[in-house]
Protein chains: 2
Amino acid sequence: MSETKKSEADRLPRAVGLLGGGIIGGGWAARFLLNGVDVRLYGPSLGAAERVQKMLVNARRTYRRLTRVPLPAEGKLTVVKSVEDAVDGVELVQESAPERLELKQQLLAKASQAAGREILICSSTSGFLPSLLQAGMNHPERFLVAHPFNPVYLVPLAELCAGRRTAPEASARAAEIYRSVGMHPVLVRKEIDGFITSRVQEAAWREAMWLVHDDVATAQEVDDAVRYSFGLRRPIMGPLQTYRMAVNEASGRRAMERMGPELKKPWTKLTEVPELADAYLDKLGEQLDAQMEAENLSFSELERKRDDCLVAMLRGLSSEEHGAGSTLARWERRLRDRVPQSSSEPGPLRTPMLEIPSSWLGYNGHVTGRCDLQLCGYAKENVLNHIGIDDEYMATSGRYFSAETHLSHIRELYAGDRVEVITQVLGADDKRLHIFHAVMREGDDGPAATGEQVLVHITAGSGRSGPVCGQVRERVVELARLHAQLPLPDRARPGNGRRSLDQLRY
Amino acid sequence: MSETKKSEADRLPRAVGLLGGGIIGGGWAARFLLNGVDVRLYGPSLGAAERVQKMLVNARRTYRRLTRVPLPAEGKLTVVKSVEDAVDGVELVQESAPERLELKQQLLAKASQAAGREILICSSTSGFLPSLLQAGMNHPERFLVAHPFNPVYLVPLAELCAGRRTAPEASARAAEIYRSVGMHPVLVRKEIDGFITSRVQEAAWREAMWLVHDDVATAQEVDDAVRYSFGLRRPIMGPLQTYRMAVNEASGRRAMERMGPELKKPWTKLTEVPELADAYLDKLGEQLDAQMEAENLSFSELERKRDDCLVAMLRGLSSEEHGAGSTLARWERRLRDRVPQSSSEPGPLRTPMLEIPSSWLGYNGHVTGRCDLQLCGYAKENVLNHIGIDDEYMATSGRYFSAETHLSHIRELYAGDRVEVITQVLGADDKRLHIFHAVMREGDDGPAATGEQVLVHITAGSGRSGPVCGQVRERVVELARLHAQLPLPDRARPGNGRRSLDQLRY
């Protein structure tokens with residue numbers, strides 16, 4: 001909600017240099033590449049390049065489900081052999097080495113010697129003080145912490161923390177860059193170990209560790225209790241607003257005064273941490289293994305499941321424009337702005353190739369008829385984008401309304417099928433646009449479904465049909481002219497049930 | 001995932017008695033009533049009855065968006081004037097008084113004197129030890145804690161905790177009852193103040209309170225940092241599995257050994273709690289008010305927003321059958337089982353009235369054409385339910401596939417519109433079922449949209465069309481016979497583009 005009101009400055013970098021090719025480095029690579037940014041990756045550990053490729057495959061699959069806006073052409077991935085090579089020609093260097101202070105300090109110092117002073121350098125550390133990290137750097141004023149979350153290509157927070165020697169412009173530039181690749185930057189106001197997120201997350205973890213230690217519950221039970229209860233609200237409300245909402249008081253101060261006694265209750269273990277003694281490690285390890293076994297998924301299947309759930313929730317939150325869903329919505333608007341407008345290629349229009357997500361399955365495991373309409377809907381959006389219907393046109397001039405839709409479901413589609421939709425304009429006049437879609441599954445000869453639609457132009461503010469205008473009109477005319485030269489698709493031939501525009505009563 | 005493997009015994013109670021009509025008591029009332037359970041409510045505080053009615057309105061609206069399975073007839077709400085009256089004839093008494101130990105003890109003692117020994121008594125306390133609560137009760141063996149979460153009608157966890165004198169059968173019976181109204185019971189293994197959830201939640205809250213106290217971040221920043229990062233994963237993974245997943249190790253024990261050093265880091269304030277001194281209360285209060293202002297929503301609008309987001313996420317998690325989404329899926333299966341099968345009323349079939357959710361809005365605030373298909377899809381499911389297509393039939397005999405769908409979009413629908421779909425069978429034979437839907441908005445004369453569909457019966461296992469069989473066949477024949485006597489809907493008349501079944505090539 002509040003996000004749209006804030007400054008939304010963003011600036012897509014040309015190229016970034018990544019130091020470290022583990023889960024975090026690979027996640028950064030995927031996020032930048034899929035947003036069209038070139039990546040130079042220095043991953044000293046064995047198999048880093050392969051790992052990154054594997055993560056990229058996961059991320060591509062996930063992004064196809066995350067958004068229906070066409071993604072930009074992927075950035076170029078260059079795997080390099082040295083820190084010096086990684087920082088060459090980039091705008092941002094992102095260090096994601098293992099969490100060992102000296103290792104990070106050495107790497108950052110080296111990068112700062114190789115990179116010109118105008119190149120921003122950020123660390124992905126989840127807890128080290130930026131002042132410690134920048135101690136040995138050249139031009140430490142361009143350094144800060146930018147802490148991401150696993151999976152980096154999907155979770156939107158970039159937690160920024162400046163050190164004693166960081167220039168404020170560096171934090172501002174970093175925020176712009178992370179915003180441009182769909183992230184939500186939050187700047188920590190004071191340096192502190194663990195920043196905001198690791199501290200809050202660790203506090204909860206420690207308490208959970210005690211509960212298992214003291215046999216109050218098993219690992220599975222603790223996790224279930226959290227995710228079926230307040231954990232379900234966490235993407236919507238943070239811990240402070242949650243307690244604020246527990247008391248319906250007009251003033252925040254009064255609400256907290258009333259919540260005060262809660263803080264006197266003996267409700268958390270406030271000692272250090274349970275000792276990881278052998279017996280406890282055995283018990284905890286067993287329970288964690290049992291939990292994984294109950295899921296009956298391998299580690300990487302579990303990662304996919306997590307990603308699929310995140311996508312489903314992000315899409316849900318996006319439909320409400322709330323929390324991380326508004327970050328997604330903003331990113332999609334940006335992506336749409338970057339889609340090249342119009343072209344005078346004479347061929348039919350094509351949607352990007354899309355993988356049928358399992359969330360489109362009906363109750364009984366089959367993809368339902370809705371799926372075909374959804375696909376034709378994407379194809380329609382594609383046509384509307386192509387002719388230049390944007391927010392401004394809709395606010396000032398009008399929009400197209402689907403008056404009639406005729407779907408023929410020919411072959412069943414399954415989750416995981418890769419499909420594109422090919423669209424041809426069959427006719428157009430002042431008010432009407434007659435289009436025909438063929439849903440093509442990769443490798444098939446004929447369409448899996450076809451859709452015929454009559455769109456009617458509605459004049460803005462009137463709620464009634466009226467003529468299309470301005471540049472959009474020109475584009476419609478041009479598109480209809482180009483498509484009139486194409487052969488009619490089989491299923492769109494008269495006699496196959498198709499009526500011409502003149503036979504339709506709109 | 002794992003849930004479906006566990007025992008799923010559930011038993012819907014006839015009636016429950018609720019002590020307390022606040023946010024929690026009202027939430028319980030809504031959950032039980034909407035699941036068809038009668039409620040006797042004793043709410044001593046002023047305006048309790050009105051508050052509960054208001055919550056019920058919210059809950060009804062929310063449930064219409066949560067599921068498309070028809071809900072049972074609502075239970076009867078009786079507001080009573082005494083504890084004795086509240087426990088009369090019920091199977092479960094649920095106490096949800098304010099969190100004051102003596103008040104709860106008195107109320108529970110009184111209820112236990114009035115209620116026969118076979119009546120289960122549970123407390124909604126979020127932290128008091130059940131042994132303390134049951135101290136003065138008659139037949140304390142039928143008492144336990146069942147801790148719910150706000151909003152009670154939507155968040156699935158029922159955190160159960162037995163006291164020293166609780167009989168194991170009481171916990172088992174309670175789990176069955178909560179399961180029957182769509183909840184996920186977790187039984188805490190040892191009595192402990194705050195159980196699992198309040199302890200973990202409070203640990204996070206205290207840390208958050210320190211961050212604001214020490215000016216590391218504002219309330220808004222702390223909350224944003226949490227909900228845009230690990231908070232987004234919380235409905236998917238609890239705190240223990242999260243740290244487990246941070247290390248890709250085959251053994252849980254090895255993973256924890258590797259995570260061990262994390263616990264040595266100075267990442268949480270391990271002292272008591274920040275003192276709620278005047279200056280801190282002023283600052284915190286101001287920040288909480290600013291946070292509410294930034295949302296630009298009133299308290300009750302914020303509650304609705306929270307509910308809408310919860311619904312969107314629960315539906316998302318349900319499509320992945322994961323976490324709280326599997327609880328929702330299980331509840332829907334139970335609801336569907338309870339829908340009365342078939343009837344020989346001669347009228348057309350009707351879906352339950354449904355409110356268009358804002359999540360059906362397209363990118364630009366208009367409800368898209370998908371909405372009409374979605375509605376026709378519900379109506380189709382309604383027909384299939386009516387003729388007895390269930391999981392067993394689909395596994396052994398076959399199912400119907402929508403071969404052709406023709407939608408006419410006549411009037412635009414908006415979020416909040418209440419609609420039902422009226423369906424008439426136009427024809428049926430061995431393999432084909434020809435149906436016509438009219439989407440009717442409450443108060444309109446004509447349909448907002450119509451949908452004509454040809455369904456083809458596919459024989460199980462073959463992937464090819466084949467004859468419908470058994471009882472389903474009889475029901476199809478009977479339904480077609482009854483509907484043949486109804487007048488043809490306007491838009492389904494020949495000449496309006498409709499073709500008879502014989503003209504269709506299936």
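Calculation notes
Residue positions within a chain follow its written sequence, with the count starting from 1. A letter from A marks each chain and a number from 1 marks each ligand, given out in the order of writing. With the structure being a predicted model, the display of local features is reserved for residues of pLDDT at least 70 and the display and counting of side-chain atom pairs for 80 or more, all residues being used for whole-chain, interface and lining totals. For the domain bounds, the source is a domain assignment made automatically or taken from a database. Throughout, a pair of residues is in contact if the C-beta atoms placed from their backbones lie within 7 Å. Each residue gets one of three labels, nonpolar for Ala, Val, Leu, Ile, Met, Phe, Trp, Tyr, Cys and Pro, charged for Asp, Glu, Lys and Arg, and polar for the others, Gly among them. Alignment of copies: least-squares fit on C-alpha atoms of residues with pLDDT of at least 70 in both copies. Per the convention used, a helix needs a DSSP run of H or I reaching at least four residues, while a strand needs a run of E reaching at least two, with both numbered from the N terminus. Paired strands are those between which DSSP finds at least two bridges. Exposure classification rests on a simple neighbour count of other C-beta atoms within 10 Å of a residue's own: a residue reaching 20 or more is buried, one at 12 or fewer is exposed, and one in between is partly exposed. C-beta atoms are placed from the backbone. In this analysis, axes come from line fits to C-alpha atoms, helices being fitted only over the stretch in contact, and the angle between any two N-to-C directions falls in the range 0 to 180 degrees.

Our focus in this paragraph is the domain arrangement of chain A. All names here are of chain A. Domain boundaries assigned for chain A yield domain 1 (2-195), domain 2 (198-296) and domain 3 (345-503). If you average the C-alpha positions of domain 1 and of domain 3, the two centres end up 40 Å apart. At the interface, five residues of domain 1 touch five residues of domain 3. Here the side of domain 1 that touches domain 3 is composed, by residue class, of one nonpolar, no polar and four charged.

Superposition of chain B onto chain A requires a rotation of 180° combined with a translation of 0.0 Å along the rotation axis, giving an RMSD of 0.1 Å. Taken together, the rotation and translation describe the operation of a two-fold axis. Taking C-alpha positions as reference, the residue of chain B nearest the rotation axis is His-406 of chain B, located at 2.1 Å. Of the interface residues in chain B, 100% have counterparts in chain A that sit at the interface too, so the contact is made through matching surfaces.

Before going further, it helps to spend a moment on the interface of chain B and chain A. Bring the parts together and some accessible area is lost; that lost area is often taken as the interface size. Each partner contributes residues to the interface: chain B has 121 residues there, and chain A has 121 residues. Take the side of chain B that touches chain A: its biggest share by element is 13 residues, from helix 7 (residues 197-213) of chain B. Grouping the amino acids of the side of chain B that touches chain A by side-chain chemistry returns 54 nonpolar, 35 polar and 32 charged. In this structure, strand 11 (residues 398-409) of chain A lies alongside strand 11 (residues 398-409) of chain B, joined through five bridges in antiparallel fashion.

Here the focus is the environment of Arg-491 of chain A. Residues and elements named next belong to chain A. Following the sequence through the fold, Arg-491 ends up in the segment after helix 17 (470-484). The class for Arg-491 is partly exposed, based on 18 C-beta atoms found within 10 Å. Along the backbone, Arg-491 and Ser-408 are 83 residues apart, and their C-alpha atoms lie at a distance of 9.3 Å.

Here we come to the sheet that holds strand 3 (residues 77-79) of chain B. Residues and elements named next belong to chain B. Overall, mixed pairing links the eight strands, which are arranged 3-2-1-4-5-6-7-8 in an open sheet. Both edges of this open sheet fall to strand 3 and strand 8 (184-188), since each of them pairs with a single strand only. Each neighbouring strand pair of the sheet contributes to a mean axis angle of 25°, computed without reference to strand direction. Summarising the sheet, strand 5 (residues 120-123) and strand 6 (residues 143-147) pair through three bridges and their orientation is parallel. Looking at the pairing, Ser-123 lines up with Val-145 of strand 6. Set on the sheet, helix 6 (residues 168-180) makes contact with strand 4 (92-95), strand 5, strand 6, strand 7 (157-162) and strand 8; between it and strand 6 the angle comes to about 35°.

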